[in-house]
Amino acid sequence: MTLVARMLLRRLLILIPLLLGVVAFVFIVMRFSSSKPEYAYFQGANPTPEQIRQFQLENGLLDPLPVRYVRFVADLAQGDLGTSVLTKKPVIESVTTALPLTLQLTFLGLAVAVVLSLVFGVTAALFRDRWPDQAIRMVSLIGVAAPAFWLALLMIQWLAVGEGLFPTGGYINPADSVSGWLLSMTLPALSLSLPIAAQLTRIIRTSMVEELDRDYVRTAIGSGLPMIVVVGRNVLRNALINPLTVLGLRIGYLIGGTVVIETIYGLPGMGQLMINAVRDGDPAVVQGVVLTIAVGFMVVNLVVDVLYLLVNPRLRSAA
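Note that the structure is predicted; figures quoted are calculated from it, not measured. (Residues numbered from 1 in each chain as written. Predicted model: local features only at pLDDT ≥ 70, side-chain atom pairs only at ≥ 80, totals over all residues. Heavy atoms only, no water.)

So, on to the UniProt feature "transmembrane region" (unreviewed entry) in the chain. What UniProt calls "transmembrane region" (unreviewed entry) maps, in this numbering, to residues 12-32, 105-127, 139-161, 181-204, 247-267 and 288-311. Secondary structure content for residues 105-127 is 96% helix and 0% strand, and the end C-alpha separation is 33 Å. Spanning residues 139-161, this segment combines 91% helix with 0% strand, and its end C-alpha atoms are found 24 Å apart. (UniProt positions renumbered as here; feature names shortened; annotations may be inferred. Helix = DSSP H or I, 4+ residues; strand = E, 2+ residues; numbered from the N terminus.)

The structure is reproduced here in structure tokens:
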């Protein structure tokens, strides 16, 4: 078994108790929240205490908490996230409908953030203390301070309402129109990615500067290797370790940020689904969305751990 495979197996084994802990935490929080399935079910009506009790008995809500938890975990193991008390549909159907859009927005935002941060971070490091570096550092500082929702409102006002270049909201399926899909996703992806890109730019710039000052870089350049070869083959690869660490954590921010961004732009993704469920008092849907996002975050961090091995040979030997 290769070192990468052994490390992947170890991380997967660590994920099992972590996942059980997340499931237990979400279960307990939802059971003690003010959103009760019986109240959501009878929303808009005046049920009698007998009707409420009958609903609780039929749905096992009066069983001891450990019994309900075991049943909950057993259902999850079969891919059952529960049933919405409002729509009477399985939660998994709502999640699978909303999840693709959230994944599209998250990965578009991630791609934009990585590309922008690499371009500007490397440029700032190569032109250290000169005007490109100073300009990039100033812009990145503004980007770090600017919250995603504020950028979203500015972009809608400027690029959508003012210039008419993009729609103010809504979603177009790529199966219907690729260009329409790209237009509908551009502003949300930019709003989500620019604060992350600003943070990563500063980190990449710092890591690149530290790496460029090392002896092996001066030796390689002194031996006649072109600067672009030294940077591309050695410096950039070694300098990406710290940014990868931050990127793994920031992806969680990207996933969480979709809740606000999808609401602002009217995108029917996981964030919109959770907001509607919280507003309507549908705890099963809220629970399903939170668990799905938590699992996605753990999987992303597992992927980042594997990327460490691919970027740095020393980590492979330590693994």
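Having seen it, we continue.
Moving on to the side chain of Ser 184. Tracing the sequence through the fold places Ser 184 in helix α8 (residues 178-212). Here Ser 184 falls in the buried class, since its relative accessible area comes to 5%. Within the structure, Ser 184 has its side chain in polar contact with the backbone oxygen of Trp 181 (distance 2.8 Å). Among residues more than four places away in sequence, those in contact with Ser 184 are Pro 167, Gly 170, Tyr 171 and Ile 172. (Buried < 20%, exposed > 50% of the residue type's maximum accessible area, 1.4 Å probe, protein only. Polar contact = N/O pair within 3.5 Å; in protein donor to acceptor, adjacent residues only side chain to side chain. Contact = heavy atoms within 4.5 Å.)

Below, the discussion takes up the packing of helix α5 (residues 91-126) against helix α12 (residues 270-280). A pair of packed helices is characterised by two quantities: the angle between their axes and the separation of those axes. Contact geometry of α5 with α12 gives a least axis separation of 7 Å together with a crossing angle of 135°. Considering the angle they form, α5 stands oblique to α12. Facing α5, whose interface residues are Ser 94, Val 95, Ala 98, Leu 99 and Thr 102, α12 presents Met 270, Gly 271 and Leu 273. (Axes fitted to C-alpha atoms, helices over the stretch in contact; angles between N-to-C directions. Parallel < 35°, antiparallel > 145°, perpendicular 65-115°, else oblique.)

All chains considered together, the criterion is met by eight salt bridges. Residues Asp 63 and Arg 71 are paired through a salt bridge, measuring 3.1 Å at the closest nitrogen-oxygen approach. In this structure, Arg 279 engages Asp 280 in a salt bridge whose closest nitrogen and oxygen atoms are separated by 3.3 Å. We classify Arg 279 as exposed; its relative accessible area is 59%. (Salt bridge = Lys/Arg side-chain N within 4 Å of Asp/Glu carboxyl O.)

The next thing to look at is a nonpolar patch on the surface. Among the surface-exposed residues, Leu 19, Val 295, Val 299, Val 303, Leu 307 and Leu 310 lie close enough to one another that they form a single nonpolar patch of about 440 Å² accessible area. By residue number, the principal contributor to the nonpolar patch is helix α13 (residues 283-311), which donates five residues. Counting through the fold element by element, Leu 310 comes out in helix α13. (Patch = residues over 30% accessible without salt bridge, like charges linked within 9 Å, V, L, I, M, F, W, Y side chains within 5 Å. Areas by Shrake-Rupley, 256 points an atom, 1.4 Å probe, with all protein chains shown as cover.)

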